Amino acid sequence: MSETPSTSFSTIHRTSDGQVPSRRHLSITHPVVAKRISFYKSGDPQFGGVRVVINPRSFKTFDALLDNLSRKVPLPFGVRNISTPRGRHNITRLEELEDGESYLCSHGRKVQPVDLDRARRRPRPWLSSLAISAHASRHPTVAAAPSMPRAPRRLLVFQNGDPKTRRTVLLTRRVTQSFEAFLQHLTVVMQRPVTKLYATDGRKVPSLQAVILSSGAVVAAGKEPFKPGNYDVQKYLLPARLPGISHRVHRKGNARSENRKSVNWKISIITSDFPNAGTSSQIYIILYGHHRSSAPIYLYGTDGVRFQDGHEDIFTITVGDIGVPFKIRVGHTNSGDAPSWHCKEIQLQNMNCGKQFYIPVQRWLARDKDDGEICREFPLLSKGQWVLPVTTYEVYVATGELWNAGTVANVYISVYGKKGDSGSRQLLRSKSSFNFLRGQTDNFLLEAVHLGNLYKIVIGHDGLGPGNGWFLDDVVVKDPTTNHEYAFFCHRWLDQGEDDGKIVREIYARDNSIFSARQKLELKSKETWAAESWKFTKGNTLQFYNRLTGGFVRLHPDGTVDAIGEKTDKYGLFDVIFNKGNICIFRSHEMRHLSLALDNGFAGRGTPTELRVIYQHSRCALLESALVPGHTLVFDRQGRRAEDSAAGYADLSKEFVILVKGVFLNSAVILLATSLCQALCLQSDGTCTGAGNQSEKSYWKVHKISSGICMFENTKNTRMYLRIKDGLCDGTGTGDADCHFKIKKNLENASISLESVKSPGLFVGLQPDGKAKAVVYTKEENVCFYPQVIQFGRENPMGMSATPIQREEQIQKSENQKKMFPASEVRGPLPTSATKEILHSQTSETLLSEDEWKVSVLTGDTGTQASVSLWVYGDEGVTGPIRLSKDSPEQLFLPRHKAEFQVEIGSIGEIYKIRIGHDGSSRQPEWSLQRVTMQHMKSKKVLDFVADVWLSQIQADGDSVCELPVMKEGQPIFPLVKYQVDVYTGQLKQAETESEVSLCLYGERGDSGLRLLHKSNMPVRFRRGQIDKFQVEAVSLGKLQKVLLRCEACDKSQYWYCEKIVVMEPGAASESIFTCERWLPFMSEGIIHSEIELYHQGEDQ
């Protein structure tokens, strides 16, 4: 069971001898000149700050201070910049820091100021309790304590079967990158193979999350089973520096003995005398006083037999000065064969002053009895009265509505108030049949000694079980004593594979629940607009459907407007001709001189009027006048404007469903959204999930078969189609009839459903965890997809997916073309949709568009039959890879031959470079490339790229890919740069690999593409502890930002541990460092990932 870090120390003594070991004296150290400085987090007034003492012994360099702050201030890439409170001046040397001042920490040059007065008032995080009397305020040294728990946590590791052999390990970010990496680290520390971990009571610790949430000690084992032993946790877990005690060093004569004062307590615990009241579990207690709380104190017996039916167990413990005690927490670890326990009473006696306390418990601590709790709190009696009442808080936990938002992991919460905390409690029994399901609010009861005004919670899960990730919407805690509700707004993932990867979050209370509800509504509105705003891009053609009338908004030639139009009505189409944020102008598609307007209540008359689009949570929009806020377009049930109707408010509607024309044109690239921020995604194993991110991995290319019937090809994994076959739904289709879907449009919410053409009645649906499944249509949300257009297609493009009849027509057309043109001009069959040989016909002019380019590739003395791809980079985007191929590849890239292709390049702005290369797949993988020429088919603009390169990985310094910059006045726009890449393989055992490793550099001006690291300065690549040097030639990327690293390992023995990547640009004075310190591949959410993104960690001068 995880507890809040202690702010005092405690030891336990057996009662057989009653001796208390003497405490070790602190060494006497003379004070040195030091600066005491507070550091706060940029833009985060919730962060309470950390205090650091800086002297020549603690920090020798400025970088050492940055590294130390990175462990204490939670920033995505660590602390890389320190500035003055207003962000005006950056600090670069230790000498610039002034004693007693405050500074801001950030991970970049941009700094967001914070209100330091507000941040200083914020209760410090991870305190186990706060003082409830004025006495605590007289100890200024306690203020330094809050920063301590942010340091790396200590873990005590015992050797299996040998409790005397133990090591203390710091759970730093470097050693906890993965569970496998942590086991490797323990192998080095324990000097013996470590493959399994156990809790001290024999329970298996299966994951890194379980290690972090453990009680502070584990048993390290190899392949052998767990061996019981006297693994005395409390004896060895005394902190090296006690939280709550000043870090300052005092002379012996001025030592503050009150801060090191300890108290001996005699504890008597009586187990009830009825059958099965005893327990096999480990019992612990925590004492709370006016100053602070004790650490968890585990009560071990001398003979191992304790807490049996009707027995009284007596212990003597030593605890740091906690002040006057006011409550006790007692619990057990729920371990052993019979963990249930019924406690009758507890008696405490202060052996220093003789004061006694009596607690009548009379409660079960058992999962299968009473309320299922194994941890309880009891107030102490003072003059026959309870110091504080026992309160049963109501805890409402709302799981988000995203797909796969629910969790089966064990969820824990700790509630903090002005009078202490509740400790970590598992949320086990709710009024629902199953806890933490998607879109569900669970109600729990949490019993604790009254905590006063609540100010924060810490909530998380143990990461155990399949699908353990969790999207937490919010938590509301109701105090029945005061009838006050405390709202804790989250709306984030607690998932190692999502968001920032955290599975535990610290959340502060909002001022009131009304404010929290308003914040939720505002956030939902922003998310809805973000999901729907693409519809209002300039140039789109829209329809406005009114659910009350069941018709579409129409703008007639006489300027009148109604809402009873049919879907095919030509007066119901509107073009977006102006867009600025959510303010648009909608012009009639049929009558270019009329626009939808609100002029004195009459729509459709006068000059074009700007309308503000306001989205509701139902995905419906309001159309409001931009000049007159609150004035909206409203219709009655008969489709008449509200101004012309006498209908009551209930018979009026101002909400419209927005539909976009041309979504499913052939070759369109779309995203099938499943929620406001998720989409249907193809996974590496061929399955599909609706819980994917709305990224390139979720893009689908539309292949139109006939009217209303399409296929969907994944753009990231070409030739893999969405399909329903044998009652299963996945993304492993090959383009046959199993991949044909009929598109059914839902006008009520602008969604679509995909029905299998081959298996009528079966639709693409989603399970609660997001996995795609073939389902029967029941009008449920799980079959609804919200299409978003990434790139529009064309109405009747050449080479579109076709039915057999259409294919025959295309073949006949091809034969006719062969008769019309000489053989020298037609070297192959009809061009495909991806690349097309230029056919110099008179009719080709009618097919030209802004995206059409002719690409000519001139081969030198050596040709190739490998697959050749092209990437084109512009200042607004990139297109590629474009496969330069035809149905007869042996006719391409012949020696001294020019191959011509017609390609489509999207709106990427001004082109500044291209990348071209081959995959080395044929018998002749070497290729001599002389020149690449690109000509815009409409404007006739020509870009000429002189290559004269040998693309071969066989040559000494060769590569199968090259980059070529655009030339301007005989000079390249950006120069070619040979980046030196140093790859550091770690020192861990079996860190080396024989697998192929690839790398991609990312900078301000695009990327280098994924390059295979095959030409090293070392005879054997990626050996343990080795530094391999490579060269990557690319058009200058500007300032480097990140690196993508990929390792394709065929089995676990070939996994690779990379320490870091260092990139040096010739002539530059600094090098870019990208820290990795983890194994590749690695597992996340049950999926093995072969690649990882590493971000820039600063520069070494």
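Residues numbered from 1 in each chain as written. Predicted model: local features only at pLDDT ≥ 70, side-chain atom pairs only at ≥ 80, totals over all residues. Heavy atoms only, no water.

### Brief notes about the overall build of the protein chain
Moving on, step 1. Broken down by element type, the protein chain carries seven helices and 73 strands.
Moving on, step 2. Considering the protein chain as a whole, with its 1101 residues, one finds that 51% of them fall into the buried category.
Moving on, step 3. Considering only residue pairs separated by 6 or more positions, the protein chain has 65% of its internal contacts joining residues 24 or more positions apart. (Helix = DSSP H or I, 4+ residues; strand = E, 2+ residues; numbered from the N terminus. Buried < 20%, exposed > 50% of the residue type's maximum accessible area, 1.4 Å probe, protein only. Contact = heavy atoms within 4.5 Å.)

### Describing the nonpolar core
Moving on, step 1. Within the largest apolar cluster, 53 residues are counted, with the highest numbers of intra-cluster contacts made by Phe 544, Phe 586, Leu 596, Ile 670, Phe 712 and Leu 722.
Moving on, step 2. Considering each element in turn, this core owes the most residues, three residues, to strand S35 (residues 611-615).
Moving on, step 3. Leu 722 has contacts with Leu 680, Cys 688, Trp 700, Phe 712, Cys 729, Asp 730, Gly 731, Cys 739, Phe 741, Leu 754 and Val 764, leaving out every residue within four places of it along the chain.
Moving on, step 4. Within the second largest apolar cluster, 29 residues are counted, among which are Trp 853, Leu 884, Ile 916 and Val 932. (Core = buried A, V, L, I, M, F, W, Y, C linked by side-chain atoms within 4.5 Å.)

### A short note on helix H1 (residues 62-70)
Moving on, step 1. Taken together, the buried positions of H1 are Phe 62, Leu 65, Leu 66, Asn 68, Leu 69 and Ser 70.
Moving on, step 2. Looking at the buried positions of H1, the neighbouring elements they touch are strand S2 (35-41), strand S3 (50-54), strand S4 (81-83), strand S5 (90-91) and strand S6 (102-106).

### Considering the environment of Val 218
Moving on, step 1. Summarising the element assignment, Val 218 is placed in strand S10 (residues 217-221).
Moving on, step 2. Residue Val 218 is classed as buried on the basis of its relative accessible area, which comes to 1%.
Moving on, step 3. Between the C-alpha atoms of Val 218 and Gly 202, which are 16 residues apart in sequence, the distance is 9.4 Å.

### A closer look at the sheet that holds strand S53 (residues 868-874)
Moving on, step 1. Reading across the sheet, the four strands line up as S54-S53-S56-S59 and stay open at both edges, with antiparallel pairing between neighbours. Edge positions in the sheet fall to strand S54 (877-884) and strand S59 (961-965), since each of these pairs with one other strand and no more. Pairs of neighbouring strands in the sheet enclose a mean axial angle of 15°, with direction left out of account.
Moving on, step 2. Across seven bridges, S53 lies against strand S56 (residues 911-918) in antiparallel orientation. Looking at the pairing, Leu 870 lines up with Ile 916 of S56. (Pairing = 2+ DSSP bridges. Axes fitted to C-alpha atoms, helices over the stretch in contact; angles between N-to-C directions.)

### Focus: the environment of Lys 35
Moving on, step 1. With respect to the helices, strands and loops of the structure, Lys 35 is situated in strand S2.
Moving on, step 2. For the pair Lys 35 and Val 52, spaced 17 residues apart in sequence, the C-alpha to C-alpha distance is 8.1 Å.
Moving on, step 3. Ignoring sequence-local partners within four residues, the contact set of Lys 35 consists of Val 52, Val 53, Ile 54, Leu 94, Glu 95, Leu 97 and Asp 99.
Moving on, step 4. A distance of 3.3 Å separates the side chain of Lys 35 from the backbone oxygen of Leu 94, its partner in a polar contact. (Polar contact = N/O pair within 3.5 Å; in protein donor to acceptor, adjacent residues only side chain to side chain.)

### Notes on the sheet that holds strand S12 (residues 283-289)
The strands making up a sheet are joined through hydrogen bonds of the backbone, oriented either antiparallel or parallel.
Moving on, step 1. Across the sheet, which stays open at both edges, the four strands sit in the order S13-S12-S15-S18 with antiparallel pairing between neighbours. Single-partner strands in this sheet number two, and they are strand S13 (297-298) and strand S18 (375-379).
Moving on, step 2. One ladder, built from seven bridges, connects S12 with strand S15 (residues 325-332); its direction is antiparallel. Following the sheet pairing, Leu 287 is matched in S15 by Ile 328.

### Section: unusual backbone geometry
Moving on, step 1. Between Gly 880 and Pro 881 the backbone carries a cis peptide bond, its omega angle lying at 0°.
Moving on, step 2. With respect to the secondary-structure elements, Pro 881 resides in strand S54.
Moving on, step 3. In this structure, the amide linkage connecting Leu 1080 to the following residue, Pro 1081, adopts the cis form with an omega of -5°.
Moving on, step 4. Position of Pro 1081 among the secondary structure elements: in the loop between strand S69 (1071-1080) and strand S70 (1082-1084).
Moving on, step 5. A positive phi angle, near 55°, is found at His 491, a position not held by glycine.
Moving on, step 6. If you trace the backbone, His 491 turns up in strand S28 (residues 484-494).
Moving on, step 7. The phi torsion at Lys 940 lies on the positive side, around 65°, for a residue other than glycine.

### Observations regarding the environment of Asp 851
Moving on, step 1. Turning to its location among the elements, Asp 851 is positioned in the loop between helix H7 (804-820) and strand S52 (852-859).
Moving on, step 2. Spatially, the C-alpha atom of Asp 851 lies 5.0 Å from that of Ile 905, the residues being 54 residues apart in sequence.
Moving on, step 3. When sequence neighbours within four positions are dropped, the list of residues in contact with Asp 851 reads Val 903, Glu 904, Ile 905, Gly 906 and Ser 907.

### Section: the pattern of salt bridges
Moving on, step 1. Counting across every chain of the model gives 43 salt bridges.
Moving on, step 2. Put simply, Arg 306 and Asp 313 hold a salt bridge, and the shortest N to O gap is 3.4 Å. Like Arg 306, the residue Asp 313 is buried in the burial classification.
Moving on, step 3. Its salt-bridge partner being Arg 931, residue Asp 944 comes within 2.4 Å of it at the nearest N-O pair. Here Arg 931 lies in strand S57 (residues 927-936) and Asp 944 lies in strand S58 (residues 942-951), a separation of 13 residues in the sequence. (Salt bridge = Lys/Arg side-chain N within 4 Å of Asp/Glu carboxyl O.)

### Regarding the side chain of Ser 698
Moving on, step 1. Topologically, Ser 698 is positioned in the loop between strand S42 (688-693) and strand S43 (699-706).
Moving on, step 2. At 2.6 Å, the side chain of Ser 698 forms a polar contact with the backbone oxygen of Asn 693.
Moving on, step 3. Ignoring any residue separated from it by four or fewer positions in sequence, one finds Ser 698 in contact with Ile 670, Leu 671, Ala 679, Leu 680, Cys 681, Gly 692 and Asn 693.

### Some words on the confidence of the model for the protein chain
For any part of a model where pLDDT is low, the fine detail of the predicted coordinates should not be relied upon.
Moving on, step 1. Per-residue confidence for the protein chain averages 79 on the pLDDT scale, and 80% of its residues sit at or above 70.
Moving on, step 2. The model gives residues 237-260 a pLDDT under 50, and that stretch makes 40 contacts with residues more than four places away or in other chains.
Moving on, step 3. When the criterion is pLDDT under 50, residues 600-606 qualifies, and its contacts beyond four places in sequence or with other chains add up to 23 contacts. (pLDDT = per-residue confidence, 0-100.)

### Section: the pairing of strand S48 (residues 751-756)
Moving on, step 1. Counting buried residues along S48, six of its six residues qualify, which places the element largely inside the surrounding structure.
Moving on, step 2. The alternating pattern of S48 places Ser 751, Ser 753 and Glu 755 on one face and Ile 752, Leu 754 and Ser 756 on the opposite face, and all of these are buried.
Moving on, step 3. Looking at chain direction, strand S47 (residues 741-746) and S48 are connected through six bridges and run antiparallel. Each bridged residue has a counterpart across the sheet, and for Lys 745 the counterpart in S48 is Ile 752.
Moving on, step 4. Where S47 folds back onto S48 in an antiparallel hairpin, the turn is made up of four residues, including Ala 750, whose phi is positive at roughly 65°.

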